[in-house]
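An overview of the molecular structure
Residues per chain are reported as follows:
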Amino acid sequence: ESFEEGIVAHIMVDEGESTNVGEVVAYLAPSEAEVSAVKSWASSLGGGPTSAPTSAPAESAKAVAAKPAAPAAAPASPASVVNEGRIVASPYAKKLAAENGVDLKFVRGTGPGGRIIAEDVEVAKSSGVAAARAEAPAYKSSRVYATPDAKKVAKAEKISLDRVTGTGNFGRITAEDVLKAAGKAPVQKEARAGEKTLAANKKGKSDESTDVLDGAVPMTAMQKGIAANMMATLGAPVYSVSYEINTTAFDALYAKVKGKGVTTSSLLAKAIGHVLKDHQILNARYEGGDTHVYKKAADIGVAVATKGGLVTPVLRNCAETDIYSLSRSWKELVRKAVEKKLTGADMSNAHFYISNLGMFGVEHFNAILPKNAGTILAVSASKPKVVLQKNGLIGVEKFMNVNATCDHRVIQGAELAAFLRDLADFMENNIDEVMY
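Our subject in this report is the structure included herewith. (Residues numbered from 1 in each chain as written. Predicted model: local features only at pLDDT ≥ 70, side-chain atom pairs only at ≥ 80, totals over all residues. Heavy atoms only, no water.)

1. Side note on the packing of aromatic side chains
The way to describe two aromatic rings as a pair is by their centre distance and the angle between their planes. Per the counting criterion, the structure on display carries 1 aromatic pair. Positioned above the aromatic ring of Phe-399 is the side chain of Lys-385, whose terminal nitrogen or guanidinium carbon lies 5.3 Å from the ring centre. (Phe/Tyr/Trp six-rings, centres within 6.5 Å; stacked < 30°, edge-to-face > 60°. Lys NZ or Arg CZ within 6 Å of the ring centre and 35° of its normal.)

Written out as structure tokens, the structure is:
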């Protein structure tokens, strides 16, 4: 299973074969036009299906057949690649080659079916023929892929990224690549960290310290916007209802999928989206003097604290979007929030909001209802609690407090209470449904 989109350009492991966890099984191309380029680049690395046997001169094949009992054949010269595509070698031969810097592309195997065995590696090592590992050509794409830091350095150095060869994943250009192209030695991370610490020590401050403010300080544009939005909701008749939810099942599911890129925020939004389908009034807002505006899609705004202030990017269609896509969308929204690149479209048209302070250990809090919203759910930390379990024994389970604030012009207390009850039931007993 891959969490990236693309077209399979090159397969490294045959169907039915097994490999170690973490090994590359295939390479993806960003677009159909780049399949051949990625395939050529991946093939140059060595590895691939064994469907096509390695080509060899007819004379060599006849010689091997005529002398089956001959000692290990001499390895090929450095200029001659013996093995193209997938290299067949014993596990010990691979380990031995890695330890001694022997490139198996230049080693002729004498085992069954031309398999490279440990003795072949030893011969190559002693002769020094295959000691130098050939460097794979850099992957070149029709598009320029570069890290944000690389783009900044290229702009500062006035270098076109088209002239820079990337050494990152799939040829992505890094800041170090740009510096090399500019004829400058890349600054090591350790050196940069040391310089930062030294500068901080000279000032008598730690690198995390900030200037001590005193007196009136003008608000930033973002702070002014936040203040205006908070003031705009003061006229709404709001009320709050709290509910305690057992998070044992939720925590267990999160532990299973965390390694696959699923976030707590996306998992919580997905669960709320499921329950909102049966409580449409919770996904409505008040407008004008006599209108309730409903939404079919569960578009949920989630508060994100940034250095400049609070923003609320919106996760779209949480009920219908699969959890992995939802998590990728959330990570992209958070990245844009941190880089201050969120657009108005990224933060608009949500009727239901989440504010989560659980990561700070907060046990209970009230959230202010945003402008043009009907509900905001304040989520607190999950805390252990001694309870009487379903099996009749005393045990420790985790619970979190959620506190919903609603516009009373739209949502009545009983409707909110029913929603919180069903949300607790879903998270405690049916949370696995978010995976379907």
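2. Let's talk about helix 11 (residues 323-338)
When the terminal C-alpha atoms of helix 11 are compared, their 22 Å separation across 16 residues agrees well with the 22 Å that a helix rising 1.5 Å per residue should span. Buried within helix 11 we find Ile-323, Tyr-324, Leu-326, Ser-327, Trp-330, Leu-333, Lys-336 and Ala-337. Of the surrounding elements, those touching the buried residues of helix 11 are helix 9 (248-257), helix 10 (264-276), strand 6 (300-302), strand 7 (304-305), strand 8 (310-311) and strand 9 (314-315). Where helix 11 begins, the capping side chain belongs to Asp-322, and its oxygen is found 3.1 Å from the backbone nitrogen of Tyr-324. One or two steps after helix 11, the chain reaches Lys-340, where phi turns positive at roughly 60°. (Helix = DSSP H or I, 4+ residues; strand = E, 2+ residues; numbered from the N terminus. Expected span 1.5 Å × (residues − 1). Buried < 20%, exposed > 50% of the residue type's maximum accessible area, 1.4 Å probe, protein only. Contact = heavy atoms within 4.5 Å. Polar contact = N/O pair within 3.5 Å; in protein donor to acceptor, adjacent residues only side chain to side chain.)

3. Structural notes on the nonpolar core
Counting residues in each nonpolar core, the largest one holds 50 residues, and the members touching the most others are Ile-272, Ile-300, Leu-377, Leu-416, Phe-419 and Met-427. Residues Ala-89, Leu-96, Leu-104 and Val-107 belong to the second largest nonpolar core, which totals 12 residues. (Core = buried A, V, L, I, M, F, W, Y, C linked by side-chain atoms within 4.5 Å.)

4. Considerations on the pattern of salt bridges
Counted by the stated rule, this structure contains 10 salt bridges. For Arg-409, the salt bridge is made with Asp-407, and the minimal N-O distance between the two is 2.9 Å. On the basis of relative accessibility, which here comes to 35%, the residue Arg-409 falls in the partly exposed class. For Asp-407, a relative accessible area of 2% gives the class buried. The salt bridge partner of Asp-422 is Arg-421, with a shortest N-O separation of 3.1 Å. According to the relative accessible area criterion, Arg-421 is partly exposed, its value standing at 46%. Look at the salt bridges and you will find they share partners, linking Glu-332, Arg-335, Glu-339 and Lys-341 into a network. (Salt bridge = Lys/Arg side-chain N within 4 Å of Asp/Glu carboxyl O.)

5. Some thoughts on a nonpolar patch on the surface
The grouping of Val-386, Leu-388, Ile-394 and Val-396 at the surface amounts to a nonpolar patch, some 450 Å² of accessible area in total. Put simply, the parts of the chain that give the nonpolar patch at least two residues each are strand 11 (375-388) and strand 12 (394-407). (Patch = residues over 30% accessible without salt bridge, like charges linked within 9 Å, V, L, I, M, F, W, Y side chains within 5 Å. Areas by Shrake-Rupley, 256 points an atom, 1.4 Å probe, with all protein chains shown as cover.)

6. Topic: the sheet that holds strand 3 (residues 238-246)
The sheet built from 6 strands is open, its strands ordered 3-12-11-10-6-9 with mixed pairing. This sheet does not close on itself; its edge strands, each paired only once, are strand 3 and strand 9. Inspection of the sheet shows strand 11 paired to strand 12 by 12 bridges, in the antiparallel sense. Paired with Ser-382 across the strands is Met-400, a residue of strand 12. (Pairing = 2+ DSSP bridges.)

7. Some points on unusual backbone geometry
Of note, Lys-158 is a non-glycine position whose phi angle comes to about 55°, a positive value. Tracing the backbone through its elements, the reader meets Lys-158 in the loop between helix 5 (148-157) and helix 6 (175-181). We classify Lys-158 as exposed; its relative accessible area is 76%. A positive phi angle is found at Asn-349, which is not glycine, with a value near 65°. With respect to the helices and strands, the residue Asn-349 is situated in the loop between helix 11 and strand 10 (352-356).

8. Notes on the packing of helix 10 against helix 11
For the pair helix 10 and helix 11, interaxial distance at closest approach is 9 Å and the crossing angle is 125°. Classed by the angle they form, the pair helix 10 and helix 11 counts as oblique. Crossing hand, helix 10 versus helix 11: right-handed. On the side of helix 10, the interface is formed by Ser-265, Ser-266, Leu-267 and Lys-270, while helix 11 contributes Ile-323, Leu-326, Ser-327 and Trp-330. (Axes fitted to C-alpha atoms, helices over the stretch in contact; angles between N-to-C directions. Parallel < 35°, antiparallel > 145°, perpendicular 65-115°, else oblique. Left-handed = near helix turned anticlockwise from the far one by under 90°.)

9. Focus: the packing of helix 9 against helix 10
Where helix 9 contacts helix 10, the two axes come as close as 11 Å, and the packing angle between them is 130°. Comparing the axis directions of helix 9 and helix 10 gives the class oblique. Relative to helix 10, helix 9 is oriented so that their crossing is right-handed. In contact with Phe-250, Leu-253 and Tyr-254 of helix 9, helix 10 contributes Thr-264, Leu-267 and Leu-268. Looking at the contact of helix 9 with helix 10 residue by residue, the class counts come to 5 nonpolar, 1 polar and no charged. (Nonpolar A, V, L, I, M, F, W, Y, C, P; charged D, E, K, R; others polar.)

10. Quick word on the environment of Phe-365
Turning to its location among the elements, Phe-365 is positioned in the loop between strand 10 and strand 11. For the pair formed by Phe-365 and Val-379, sequence separation is 14 residues and the distance between their alpha carbons is 8.0 Å. If near-sequence neighbours (up to four positions away) are discounted, Phe-365 is found in contact with Ser-355, Leu-357, Ala-378, Val-379, Ser-380 and Asn-403.

11. Brief notes about the pairing of strand 2 (residues 26-29)
The alternating pattern of strand 2 places Tyr-27 and Ala-29 on a buried face and Ala-26 and Leu-28 on a face that is not buried. By the bridge criterion, 4 bridges tie strand 1 (residues 7-11) to strand 2 in an arrangement that is antiparallel. The residue bridging His-10 from the neighbouring strand is Tyr-27, located in strand 2.

12. Details of the pairing of strand 11
Where strand 10 lies against strand 11, 5 bridges are found, and the strand directions are parallel. Each bridged residue has a counterpart across the sheet, and for Tyr-353 the counterpart in strand 11 is Ile-376.

13. Topic: helix 3 (residues 91-100)
Burial in helix 3 covers these residues: Ala-93, Leu-96 and Ala-97. Projected onto a plane normal to the axis of helix 3, the buried residues spread over an arc of 100° and lie on a single side. For helix 3, the exposed residues lying more than 90 degrees away from the buried face are Pro-91, Tyr-92, Ala-98 and Glu-99. (Arc of directions from axis to C-beta.)

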